[in-house]
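Secondary and tertiary structure notes
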Amino acid sequence: MTKNEIRETIEAKLSRYFGCTPKEASRDQMYKAVAMTVKDILTQKRGDFKQEVNAKGAKRVYYMCVEFLLGRSLKTNLCNLGLDSAYATVLKEMGFGMEEILECESDAGLGNGGLGRLAACFMDALSSQDYPATGFSICYEYGFFKQMIVDGMQVELPDNWLPGGEVWLVPRTDRIYHVKMGGHVKENWKDGHLEILYEDCEEIEAVPYDMMISGADSKAVSQLRLWRARDTRNFNMGLFTQGQYTRAMEESTNAEIISKVLYPSDNHIEGKLLRLSQQYFLVSASCQSIIRDHMAVYGTLDNLAEKVAIHINDTHPALCIPELMRILIDEYFYSWERAWETVVAICSYTNHTVMPEALETWNEDIFRLKLPRIHMIIKEINERFCREAWKAFPGNWNRISKMSVIGYGQVRMANLCAVGCHSVNGVSKLHSEILTKSIFKDFYAMYPERFCNVTNGIAHRRWLCYANPQLAGLLDETIGRGYRHDPEELREFAKFADDKRILAEIRRIKHENKIAFSNYLYRKTGRTVDTHSLFDVHIKRLHEYKRQLLNVLNIIGLYLDIKDHPERDFQPQTFLFGAKAAPGYYMAKNIIKLIWCLGREIDSDPVVREKLSVIFLEDYNVSVAEALIPAAEISEQISLAGKEASGTGCMKLMINGAMTIGTLDGANVEMLAAAGKENMYIFGLTSSEVDDIWLRGYNCAEYYAGNERLKRIINALNIGFAGESFSEIANYLLSGPGIADPYMCLADFESYHMTRERAIADYQDKEKWNRMSLMNIASAGYFAADRSINDYARDIWNLKKMTD
């Protein structure tokens, strides 16, 4: 588009939707007008691409995930389309700065953490490489939550993202589907077919809202279809006219609760029913949509497995397996055997955790109550599988009972995926190996051909090229622009490891990014940061296994050191934490309070605060990450070995030149192999050593008694910070409740402390540090989502690029 065309389309949107000219427009009106013009471009491109896919009869992948953590869309879409400079010029001529317009957009509240961010990165990579793809999720009215910290305590507020985000959605009221839950199911043979009759069921409308996901310099625009729940019944005017307003409103809003909030609390029966309803609502509407679109193109389901791949990202969409069976058997009269063969060939599954408590299960009574027909189908799946397993493991009922989809009154979603998918993958080499030796050991023995690994990847254009334009400019100058489409070309940057000018430039860019983040933080919070201090970044969902607590224990030690010896030289350090705790997760919230109180106590000491700072970033999200990650110098990846499936934050920090301090866990193992041990700081127990210690019996008191520094730190927890005692956390580390120090913070403390001291010493040697930073950037190309998606397409989906 020319600048004149851009200006004309913006003016037309302002006139049509807001009745104003550019001079009269507010920033919010201008943002929405700009977004609508970009959406129009993407919608046209999507239509053209879809026509080509249909004409060629190309296979498509449908990516199902309960969350997509997209962040803001305007900047990414403009950069992907190559229109960012032209739009910035036009906006400037109209009296608006690009940055102020970008700030009008809210982060799309459709995700929580790594799972949703990974899904968003994959949609970007699918579009950028011209794969035919559609994502499916729920159009949550409220996201996970907005986090507020009040005197150190996390308070959850509604994340009402739609007022700024709805401009990107295209309502498709011509594609509404109906989802049935509850009631009773009756079977009736009619005309030689089994007819399923639903009685007293709740019927909900699934209304699709489409969001266009652009690719970089590509033909493809992927579609993210988000479902909003709506009651099928007409508004009860009779009740309303009788004055029963509340009852009338309740009847029309009960169904709409399904798409109200991401991850409602499930520590009560109502919450469990709502989560189950959400998951079935997502898969039922999505499967119906997939079948309808396929029939519209081909007119038959005979080639469904040849033309469709459905990917289940974590267990939340696992019910698409029995839902597809229901559609094929009940509506298209497939035999069980034919339907099952089709479903297994279509479906694939990514596991994201080895932690048993995170593997979804449902109480069978609740499941039968809410989804009677799906329960019948899963029972049949289970019975047939158990007969097959009996042939594989004759007489071994104990083994078969662990593998069963229904067992001990529970419906097990991970087992359903292992039984009903032709492919099961982990998300790092270590994670995939652990899966076949632990939770899926028996399935691996039965179906070894189903298991593989696809290491996670990030949208490198967004997290490097767009978030860190100065570094991208240096790469363009030194190795050319090819890495933007072939990220593994970043390895060419290693040739400059001894170029003093390039090393100095890396240092300059990092410092300017630190200044930019400091300015950003000041605008948002009024807080100032010493940009000459080392920026140590720990940005993850708050969970015990991610061990933010281990980091805090070390910071307490540094604080005590400065208090004891204020005269000593000390490398100034700023510790930046970003994390949300699940609303019902008490220990995680207590760790947030500890971080906040420690930071407050340090700020109150005029001597210590010159050398040490601890900042908890309230309401951490994608937009904050885009400002922070280019400024990071140390990346904390310190989970207990064997607990982190992969991680993607580690990759974003690596590609921006931060140094990783980490355990041999998740993707750290492959990052170490790529960058070399001389360019990372690895510490702590290995996953096998962790297992050995648990077998012998972990005695955390030994580590406490044998380490005077650690003893002093834990005693400081009892005394507390900023007037708050944290004796509960001290007791958690030493005596429980339950297992004391369950994630071995004490066992790994000394190794972590000493490794970090080595990193601080290396930081004094600027040339060495900058060379290590360069080598991390040069080694990060493998960890791009483009490579991950190519692995999925080749090894699991059998999917071709439209450019092939």
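Here, the structure is the one placed above.
Thresholds, definitions, all that
- For every chain, the first residue of the written sequence is number 1, and numbering continues from 1 onward in sequence order.
- Under the rules for a predicted model, residues below a pLDDT of 70 receive no local features and side-chain atom pairs below 80 are neither given nor counted, while totals for whole chains, interfaces and linings still include all residues.
- Excluded from the side-chain calculations are hydrogens and water; all other atoms, namely the structure's heavy atoms, are used.
- Per the convention used, a helix needs a DSSP run of H or I reaching at least four residues, while a strand needs a run of E reaching at least two, with both numbered from the N terminus.
- A radius of gyration in this sense is built from C-alpha atoms; the matching globule rule multiplies 2.2 Å by the number of residues raised to 0.38.
- Only protein chains enter the area calculation, which uses a 1.4 Å probe; residues under 20% of their type maximum are buried, those over 50% are exposed, and those in between are partly exposed.
- Note on contacts: a residue pair is in contact if any heavy atoms of the two residues lie within 4.5 Å.
- For the area figures, the Shrake-Rupley method with a 1.4 Å probe applies, and any residue is considered shielded solely by the protein chains shown.
- In what follows, salt bridge is the name for a side-chain nitrogen of Lys or Arg lying within 4 Å of a carboxyl oxygen of Asp or Glu.
- A fitted line through C-alpha atoms serves as each axis, taken over the contacting stretch for helices, and the angle formed by two N-to-C directions is quoted from 0 to 180°.
- Angular relationships are summarised with four words: roughly parallel below 35 degrees, roughly antiparallel beyond 145, roughly perpendicular across 65 to 115, and oblique for the angles in between.
- Residues are grouped as follows: Ala, Val, Leu, Ile, Met, Phe, Trp, Tyr, Cys and Pro are nonpolar; Asp, Glu, Lys and Arg are charged; every other residue, Gly included, is polar.
- In this analysis, strands are considered paired if DSSP registers two or more bridges between them.
- When the strands point away from the viewer, a crossover counts as right-handed if the route from the first strand across the helix to the second turns clockwise.
- In this analysis the probe radius is 1.4 Å and the grid spacing 1 Å, with only protein atoms considered; a cavity is a set of points the probe fits into but cannot get out of, a pocket is an open set with protein on both sides within 12 Å along at least five of seven lines, and lining residues have an atom within 4 Å of a point.
- Grid points are joined across faces, edges and corners, and a volume is the space filled by probe spheres set on the points.
- Think of a polar contact as two N or O atoms within 3.5 Å of one another; within protein, one of them needs to be a possible hydrogen donor and the other a possible acceptor, and neighboring residues in sequence only count if both atoms come from side chains.
- When two rings of Phe, Tyr or Trp (its six-membered ring) have centres within 6.5 Å they constitute a pair, described as stacked for plane angles under 30 degrees, edge-to-face for angles over 60, and tilted for the intermediate range.
- Whether a charge sits over a ring depends on NZ of Lys or CZ of Arg being within 6 Å of the ring centre and within 35 degrees of the ring normal.
- Put simply, a patch holds well-exposed residues, over 30% relative accessible area, that have no salt bridge, with like charges counted together within 9 Å and Val, Leu, Ile, Met, Phe, Trp or Tyr side chains within 5 Å.
- Pairs of cysteine sulfur atoms within 2.5 Å are identified as disulfides in what follows.

Some remarks on the overall build of the protein chain
- Within the protein chain, the secondary structure is distributed over 34 helices and 23 strands.
- Computed over its C-alpha atoms, the radius of gyration of the protein chain comes to 27 Å, within 12% of the 28 Å expected for a compact globule of 804 residues.
- If you line up the protein chain on its principal axes, its C-alpha atoms span 90 × 75 × 65 Å.
- Residues counted as buried form 61% of the 804 residues belonging to the protein chain.
- Sequence separation of at least 24 residues holds for 76% of the intrachain contacts in the protein chain that already meet a minimum separation of 6.
- Put simply, the protein chain shows about 31200 Å² of open surface, and 49% of that area lies on carbon and sulfur atoms.

Let's talk about the pattern of salt bridges
- Inspection of every chain in the model, using the stated rule, returns 62 salt bridges.
- The salt bridge involving arginine 172 is made with aspartate 174; its shortest N-O contact spans 2.9 Å.
- Judged by its relative accessible area of 47%, aspartate 174 falls in the partly exposed class.
- With its nearest N and O atoms 2.7 Å apart, the salt bridge here joins arginine 462 to glutamate 626.

Re unusual backbone geometry
- For the bond running from glycine 736 to proline 737, omega is 20 degrees, close enough to zero to count as cis.
- Counting through the fold element by element, proline 737 comes out in the loop between helix H31 (727-734) and helix H32 (745-763).
- Positive phi, normally seen in glycine, also occurs at aspartate 130, with a value near 65 degrees.
- By secondary structure assignment, the location of aspartate 130 is in the loop between helix H6 (114-128) and strand E2 (133-138).
- Notably, aspartate 200 is not glycine yet its phi reads approximately 55 degrees, a positive angle.
- Mapped onto the elements, aspartate 200 comes out in the loop between strand E8 (193-199) and strand E9 (202-214).
- Exposure remark for aspartate 200: the relative accessible area of 69% places this residue in the exposed category.

Notes on the packing of helix H12 (residues 320-331) against helix H15 (residues 372-392)
- Viewed as axis vectors pointing N to C, H12 and H15 meet at an angle of 95 degrees, and their least axial separation amounts to 9 Å. It follows that H12 is roughly perpendicular to H15 by the angle criterion. Contact with H12, carried on its side by Pro322, Glu323, Met325, Arg326, Ile329 and Asp330, involves Arg373, Ile374, Ile377 and Ile378 of H15 and no other residues of that element.
- Of the residues assigned to the contact of H12 with H15, the class counts are six nonpolar, no polar and four charged.

Concerning the pairing of strand E20 (residues 612-616)
- Within E20, five of the five residues are buried, which leaves it mostly tucked inside the rest of the structure.
- The alternating pattern of E20 places Leu612, Val614 and Phe616 and Ser613 and Ile615 on opposite faces, both of which are buried.
- Judged from the five bridges that link them, strand E19 (residues 573-578) and E20 form a sheet pairing that is parallel. In the strand pairing of E20, leucine 576 is matched with isoleucine 615.
- At this point the chain moves from E19, through helix H24 (residues 586-603), to the parallel E20, and the crossover so formed is right-handed.

Remarks on the layout of surface pockets
- Roughly 1200 Å³ of internal volume is contained in the second largest pocket.
- In terms of lining, the second largest pocket is formed by 40 residues, of which the most central are Lys75, Glu99, Tyr466, Ala467 and Pro469.
- Where the lining of the second largest pocket is concerned, the elements lending two or more residues are helix H3 (74-81), helix H4 (84-93), helix H5 (98-102), helix H20 (460-466), helix H21 (469-479), helix H22 (500-525) and helix H25 (622-628).
- Of all the elements, H22 adds the most residues to the lining of the second largest pocket, at six residues.
- Within the lining of the second largest pocket, the residues separate by chemical class into 17 nonpolar, eight polar and 15 charged.

Quick word on the side chain of serine 286
- Checked against the element boundaries, serine 286 lands in helix H10 (residues 269-298).
- Reaching out from serine 286, the side chain makes a polar contact with the backbone oxygen of leucine 282 at a distance of 2.6 Å.

Looking at the packing of aromatic side chains
- On inspection of all chains with the given rule, the structure shows 24 aromatic pairs.
- On the basis of an interplanar angle of 90 degrees and a centroid distance of 5.2 Å, the ring pair of tyrosine 782 and phenylalanine 783 is categorised as edge-to-face.
- Since its relative accessible area comes to 28%, tyrosine 782 is described here as partly exposed.
- Here phenylalanine 783 falls in the buried class, since its relative accessible area comes to 2%.
- Following the ring pairs from residue to residue traces out a cluster consisting of Tyr349, Phe385, Phe440, Phe443, Tyr444 and Phe451.
- Above the face of the phenylalanine 535 ring, lysine 514 is positioned so that its terminal group lies 4.9 Å from the ring centre.

Observations concerning the sheet that holds strand E13 (residues 361-363)
- In space, the three strands of this open sheet follow the order E13-E15-E14, with antiparallel pairing throughout. Strands with a single pairing partner mark the edges of an open sheet, and in this sheet they are E13 and strand E14 (406-407).
- Here E13 pairs with strand E15 (residues 410-412) via three bridges, running antiparallel. From the neighbouring strand, tryptophan 362 faces E15, where its bridge partner is valine 411.

Details of empty space enclosed by the protein
- As enumerated under the stated definition, the model contains nine cavities of 30 Å³ or more in all.
- Approximately 170 Å³ is the volume attributed to the largest cavity.
- Among the secondary structure elements, those contributing two or more residues to the lining of the largest cavity are H3, H6 and E9.
- When residues of the lining of the largest cavity are assigned to their parent elements, the largest contribution, four residues, is made by E9.

Things to note about the pairing of E9
- In terms of burial, E9 is a largely internal element, eleven of the 13 residues being buried.
- Sheet topology places strand E5 (residues 169-171) next to E9; three bridges connect them, and they run antiparallel. Within E9, the residue paired with valine 170 across the bridge is aspartate 210.
- From the end of E9 to the start of strand E10 (residues 221-231), which pair antiparallel, there are six residues, and aspartate 217 there has a positive phi angle of about 50 degrees.

Some thoughts on a nonpolar patch on the surface
- Together, Met148, Val150, Val155 and Leu157 give the surface a local cluster of nonpolar side chains, amounting to about 270 Å² of exposed area.
- Put simply, the parts of the chain that give the nonpolar patch at least two residues each are strand E3 (146-150) and strand E4 (153-157).
- Within the secondary structure layout, leucine 157 lies in strand E4.

With respect to the state of the cysteines
- Following the criterion strictly, the structure yields zero disulfides and no others.
- Cysteine 347 carries a free sulfur, and the closest cysteine sulfur to it, the one in cysteine 320, is 4.2 Å from it.
- Cysteine cysteine 386 remains unbridged, with the sulfur of cysteine 417 as its closest cysteine sulfur at 16 Å.

Purely spatial values, then, with no claim about function.
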